[in-house]
Each structure stands twice: as C-alpha cells, then as structure tokens.
Amino acid sequence: MASTACFVIVGRNDCPIYESEVGTAPKKDEATHLHQFILHAALDIVQDVVWTTNGMFLKVVDKYNELLVSVYVTAGHTRLMLLHDSRNEDGIRNFFQEVHELYIKLLLNPLYVPGSRITSPFFDTRVRALARKYL
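Every chain is numbered independently, its residues counted from 1 as its sequence is written. Per-residue local features are limited, in this predicted model, to residues with pLDDT of at least 70; the limit for side-chain atom pairs, both in listing and counting, is 80 or more; totals at the level of whole chains, interfaces and linings are taken over all residues. Side-chain figures throughout are based on the complete set of non-hydrogen atoms in the structure, without hydrogens or water.

Looking at an unreviewed UniProt entry, the chain carries the name Trafficking protein particle complex subunit, with the source organism given as Marchantia polymorpha.

Shown next as structure tokens:
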C-alpha cells in the first residue's frame, strides 16, 4: 500500500530549512504544493499547542481530509513536521527522535550555520532511510 508522507524542518523564524517527500506514493507536482500549504497552515496551531504541553512530541495537531500533521518541537523551537496518512504513532515518535539526533549532529558541525537550509546529501539520505524504517 502506498503511503503519503512529507517531512519538513521549520526553523525558529518559520522558514523551512529542510523539505522531503518521504512517502511511497507517486509524487505529483500539485500534491507537493498542497502538502507544503497544509504544513504551513498547521504552524499557527503548533504555536498554540506548544505552550499547553510539556512534551516535545505533539502527536497529531491538525488534519486535512485523510492527511494528518504530526509535530515534534525541539528545545530551540525548531519544528519537525510530518504530513502523513497513517496512524503509526510509535513509529512516528521513533522517526522524530532519530531525526532530532541527526539534526543535533548537524548542528555540531562547525561549517553549518544554524537556521540555514540543510543541503547535505548525507542528511537527506539518512532521513529517507529513517522514513523507510519507521513510516
């Protein structure tokens, strides 16, 4: 069964610093724009939910038709957002935790400027491998 998943890392100033279509469904250009729009619209909800919980994993914060938006917020207010159509909460939590560890390793790189776009092919390959493993 093909699954739809779009993963985005959004920086403190609401600018996307990493985007990836990680689902197994065939990719369409108009679907990509719709996924970006849904995730961007969910940022306001995330801003409200962040202050009502102590956890980093906010679970499902928004939904559009059968697509769900799950969010993980780091201590530095970087949001890891996943648009998906499955209800695999434990897999999504594990995916977010491992991507967070990968993001921390990237932040420790002295050549990376925090908040800038992530263009590393290694980072992209690892995120896609984690998506295949957990989603």
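Asks: Looking at this model, I keep getting lost on the state of the cysteines. Mind explaining?
Replies: By definition, a disulfide links the sulfur atoms of two cysteine residues through a covalent bond. Disulfides are defined as cysteine sulfur pairs within 2.5 Å. The full count for this structure, using the stated rule, is zero disulfides. You can see C6 has no disulfide; the closest cysteine sulfur is in C15, sitting 16 Å from it. Think of it in three bands: with a 1.4 Å probe and only protein chains considered, a residue is buried below 20% of the maximum accessible area for its type, exposed above 50%, and partly exposed in between. Residue classification places C6 among the buried positions, given a relative accessible area of 3%. Judged by relative accessible area, which is 38%, C15 ranks as partly exposed.

Asks: Is there a simple way to think about the sheet that holds strand β2 (residues 16-21) in this case?
Replies: Pairing between sheet strands relies on hydrogen bonds along the backbone, with the strands arranged either parallel or antiparallel. Sheet architecture is open: five strands sit in the order β2-β1-β5-β4-β3, paired in antiparallel fashion. The sheet is open, and its two borders are formed by β2 and β3 (57-64), each paired with just one other strand. Across the sheet, the mean angle from the axis of one strand to that of its neighbour is 15°, orientation sign disregarded. Strand pairing is defined by DSSP finding a minimum of two bridges between the two strands. The numbering of helices and of strands both runs from the N terminus, where a helix is a DSSP run of H or I of at least 4 residues and a strand a run of E of at least 2. As paired strands, strand β1 (residues 5-10) and strand β5 (residues 79-84) are joined by six bridges and run antiparallel to one another. Bridge assignment links I9 to a residue of β5, and that residue is L80. Strands in contact with helix α2 (residues 89-107) are β1, β2, β3, β4 (67-73) and β5; relative to β5, the strand with the most contacts, it is inclined by about 145°. Whether two residues are in contact is decided by their heavy atoms, any of which lying within 4.5 Å being enough. Axis angles are defined between N-to-C directions and span 0 to 180 degrees, where every axis is a line fitted to C-alpha atoms and, for a helix, only to the segment in contact. Sitting on the sheet, helix α3 (residues 121-134) touches β1 and β2, and the angle it makes with β2 is about 50°.

Asks: How should α2 be read in this particular structure?
Replies: Since the α-helix packs 3.6 residues into each turn, any two residues three or four apart lie on the same face. A helix is expected to span 1.5 Å multiplied by its residue count minus one. The end-to-end C-alpha distance of α2 is 27 Å, a good match for the 27 Å that 19 residues give at a rise of 1.5 Å each. In this structure, the buried residues of α2 make contact with β1, β2, β3, β4, β5 and α3.

Asks: Where do I start with the packing of aromatic side chains in this structure?
Replies: Aromatic ring pairs are described here by two measures, namely the spacing of the ring centres and the angle between the planes. For this analysis, a ring pair means two rings from Phe, Tyr or Trp (six-membered ring only for Trp) whose centres lie within 6.5 Å, classed as stacked if their planes differ by under 30 degrees, edge-to-face if by over 60, and tilted for the remaining angles. Within the structure shown, the criterion is met by seven aromatic pairs. Taking 6.4 Å as the distance between ring centres and 45° as the angle between the ring planes, the aromatic pair formed by F7 and F96 counts as tilted. A residue pair is termed long-range when its members are at least 10 positions apart, and F7 in strand β1 and F96 in helix α2 qualify at 89 residues. For F7, a relative accessible area of 0% translates into the label buried. An aromatic cluster of at least three residues, connected via ring pairs, comprises F7, Y18, F57, Y72, F95, F96 and F123.

Asks: What should I look at first to understand the nonpolar core in this one?
Replies: Among soluble globular proteins, nonpolar side chains are generally buried collectively. Put simply, a nonpolar core is a bunch of buried Ala, Val, Leu, Ile, Met, Phe, Trp, Tyr and Cys residues held in one set by side-chain atoms that sit within 4.5 Å of each other. Judged by nonpolar contacts, the single largest core of 24 residues is most densely connected at F7, I9, F95, F96 and I118. When residues of this core are traced back to their parent elements, those giving at least two are β1, β2, β5, α2 and α3. The element best represented in this core is α2, accounting for seven residues. Here I9 is in contact with C15, P16, I17, Y18, T78, R79, L80, V99, I118 and F123, once residues within four sequence places are set aside.

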